[in-house]
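# Commentary on secondary and tertiary structure
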Amino acid sequence: MNTFNWLAAFPKISKRNQILICGVLLALIAAIDWLAGPDISTSIFYLLPISLVTWYISQRTGLIFSVTSAALWFTTDYFTNPNQAFWIIAFWNAIVRLGFFLIVVFSLATLRRSRQRQEDLVAFVVHDLRAPLGNVLVALEMLQGEVDEADGARHELTKVGLSSGQRMLNLVDSLLEWSKLENGRLKIDKDAVLVADLFAESVAQIVLTAEIKQVTIAERVEPPDLVVLADTSLTLRVLVNLLNNAIKFSPLGGIVTLEAKLGEEANVIITVHDQGMGIPADWQQRVFAKYGQVTGGKSGGSGLGLAFCKLAIEAQDGRIWLDSEAGHGTLLSLALPVTKKFSPNK
């Protein structure tokens, strides 16, 4: 696991374990400081555990770690520096470093509070958008039932409105659960679900978008009774996101293939394959980052779709990846655990 993966996993563990890890890290840094002696300065490394506990736990914990770090630094400086004539010099140096640590703690705590207020505001606004958006969709569905298909223009406008509304509702739901997924606080309700049912419901949500783009959705599930262990709501949102992306980047009259099969590692492999322009090799990992978008291609999205899909699948103990070649379309794959209730031999 590289450094970035470790930092991404850190907020998902309990606060008690976070404090334990940072405490061990602080002790390790103090030991290295002691062994290195006065010739090699290691004071900046004390900032790592201080910053982690301040950002992920609390300002108070950051202050405790700051005072502890300054005390450890004073101890090592005083006892390992043979040229230290007076203890007051080591004490003064420790106070200076404590001041530096406190500046970092208060700055991070202020930034964290500001970010939390911003996230709360976004969540509040997005949550309040959901109800009127749902009303708009209900009104459009009623209007669609009253509009005669012979009236081509009005019928087409109603379909466009419904399709756009469904995409907005999907984005709203994704935004509401984004921060919970990032911090590992979203409750995951995994259950055995037929893959064919997941496909049917996800395709039903994007069928209007596909009709407008004249894109055909081809479904294949092998075996037909394949069952996956997943959170139904979360997995549906992932599939809808992937299908919307595939349709958006497909040529007019193209085909998007939605396929599922039993994997070799007690999992189910679900793939979404489009006939679009593909993704350049240097962008294939960045598309899963927050706000990551391929430059120079068709966009117009929020840059959150694939990042949300990655978080949602990993929260279910799965993984997601892509294979793409410029000019030859994109194959997005995700793996989820197969339920014990399913036996390929029955």
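Described in the following lines is the structure provided in the data block.

Conventions we followed
Residues numbered from 1 in each chain as written. Predicted model: local features only at pLDDT ≥ 70, side-chain atom pairs only at ≥ 80, totals over all residues. Heavy atoms only, no water. Helix = DSSP H or I, 4+ residues; strand = E, 2+ residues; numbered from the N terminus. Buried < 20%, exposed > 50% of the residue type's maximum accessible area, 1.4 Å probe, protein only. Contact = heavy atoms within 4.5 Å. Areas by Shrake-Rupley, 256 points an atom, 1.4 Å probe, with all protein chains shown as cover. Salt bridge = Lys/Arg side-chain N within 4 Å of Asp/Glu carboxyl O. Expected span 1.5 Å × (residues − 1). Arc of directions from axis to C-beta. Core = buried A, V, L, I, M, F, W, Y, C linked by side-chain atoms within 4.5 Å. 1 Å grid on protein atoms, 1.4 Å probe; cavity = no way out; pocket = protein on both sides within 12 Å on 5 of 7 lines; lining within 4 Å. Points joined across faces, edges and corners; volume = space filled by probe spheres on them. Nonpolar A, V, L, I, M, F, W, Y, C, P; charged D, E, K, R; others polar. Pairing = 2+ DSSP bridges. Axes fitted to C-alpha atoms, helices over the stretch in contact; angles between N-to-C directions. Bend = angle between axes of the 7 residues up to and from the residue. Phe/Tyr/Trp six-rings, centres within 6.5 Å; stacked < 30°, edge-to-face > 60°. Lys NZ or Arg CZ within 6 Å of the ring centre and 35° of its normal.

### Describing the overall build of the chain
Along its length, the chain carries nine helices and seven strands. Relative to its 346 residues, the chain shows a buried fraction of 40%. Taking the contacts inside the chain whose residues are at least 6 apart along the sequence as the reference set, 70% of them involve residues at least 24 apart. With an accessible surface of roughly 19,400 Å², the chain has 60% of that area assigned to carbon and sulfur atoms.

### Some thoughts on the pattern of salt bridges
Tallying each qualifying case throughout the model produces three salt bridges. With its nearest N and O atoms 3.6 Å apart, the salt bridge here joins R220 to E259. Here R220, found in strand β2 (residues 216-222), pairs with E259, found in strand β4 (residues 255-262); they are 39 residues apart in sequence, far enough to count as distant. Classification of R220 by relative accessible area gives partly exposed; the value is 45%. Take E259: its relative accessible area is 28%, and that puts it in the partly exposed class. K310 serves as the salt-bridge partner of E314, at 2.7 Å between the closest nitrogen and oxygen. Of this pair, E314 and K310 both sit in helix α9 (residues 305-314), four residues apart, which is roughly one turn of that helix.

### Details of helix α2 (residues 15-36)
For α2, built from 22 residues, the straight-helix expectation of 32 Å at 1.5 Å per residue is met to within 8% by its first-to-last C-alpha distance of 31 Å. Of the residues making up α2, those classed as buried are Q18, C22, L25, L26, I29, A30 and D33. Looking straight down α2, one finds that the buried residues subtend no more than 140 degrees of arc, so they occupy a single side. Residues R16, L20, V24 and L35 are exposed on α2 and point more than 90 degrees away from its buried face. G37, located one to two residues past α2, shows a positive phi value of around 75 degrees.

### Side note on the environment of C309
With respect to the secondary-structure elements, C309 resides in helix α9. Sequence spacing of C309 and R319 is ten residues, and the spatial spacing of their C-alpha atoms is 9.6 Å. What C309 contacts, discounting residues up to four positions off in sequence, is V238, N241, L242 and I320.

### Some remarks on the nonpolar core
Counting 48 residues, the largest nonpolar core has L242 and L334 as its most contacted members. Sequence-distant contacts of L334, that is, excluding residues within four places in its chain, are made with V238, L239, L242, V268, I269, I270, I313, R319, I320 and W321. The next biggest cluster of nonpolar side chains, apart from the first, holds 20 residues, and it includes Y46, L47, W73 and V104.

### Some remarks on the side chain of R237
Secondary-structure assignment places R237 in helix α8 (residues 232-248). R237 gets classed as buried once you look at its relative accessible area, which sits at 9%. Setting aside its immediate chain neighbours within four residues, R237 contacts N170, D173, S174, E177 and F308.

### A word on empty space enclosed by the protein
Where empty space is left can be seen by rolling a probe of water-molecule size over the atoms. The full count for this structure, using the stated rule, is one cavity of 30 Å³ or more. Taken as a whole, the largest cavity spans an internal volume of roughly 30 Å³. Along the walls of the largest cavity sit Q166, R167, N170, Q205, I206, V240 and N244, which together make up its complete lining. Listing elements by their share of the lining of the largest cavity, those giving two or more residues are α6 (152-182), α7 (195-213) and α8. Top contributing element to the lining of the largest cavity by residue count: α6, with three residues. When grouped by side-chain class, the residues that make up the lining of the largest cavity number two nonpolar, four polar and one charged.

### Digging into the sheet that holds strand β6 (residues 319-324)
Ordered by their spatial adjacency, five strands build an open sheet running β2-β4-β5-β7-β6, and the pairing between neighbours is mixed. Edge positions in the sheet fall to β2 and β6, since each has one partner strand and no second. The average undirected angle you get between the axes of adjacent strands in this sheet is 15 degrees. Packing against the sheet, α7 makes contact with β2, β4 and β5 (267-273), and its axis sits at approximately 175 degrees to β2.

### Concerning α7
For α7, with 19 residues, the first-to-last C-alpha span of 25 Å sits near the 27 Å given by 1.5 Å per residue. Along α7, the helix axis deviates most sharply at I206, where the bend reaches about 50 degrees. Burial in α7 covers these residues: V195, L198, F199, S202, V203, I206, L208, T209 and A210. The first or second residue beyond α7 is Q214, which carries a positive phi of 60 degrees.

### Points about the packing of aromatic side chains
The tally for this structure, following the rule as stated, stands at five aromatic pairs. Both rings, one in Y46 and one in F101, keep their centres 6.3 Å apart while their planes meet at 50 degrees; by these two values the pair is tilted. Of this pair, Y46 sits in the loop between α2 and α3 (47-56) while F101 sits in helix α5 (residues 87-146); the two residues are 55 residues apart in sequence, bridging distant segments of the chain. For the pair Y46 and F101, one class covers both residues: buried. Note on Y78 and F79: the rings are 5.1 Å apart at their centroids and 85 degrees apart in plane angle, and the pair reads as edge-to-face. By way of ring pairs, the aromatic residues F74, Y78, F79 and F91 are connected into one cluster. When the ring centre of W55 is taken as reference, the NZ or CZ atom of R112 above it lies at 5.2 Å.

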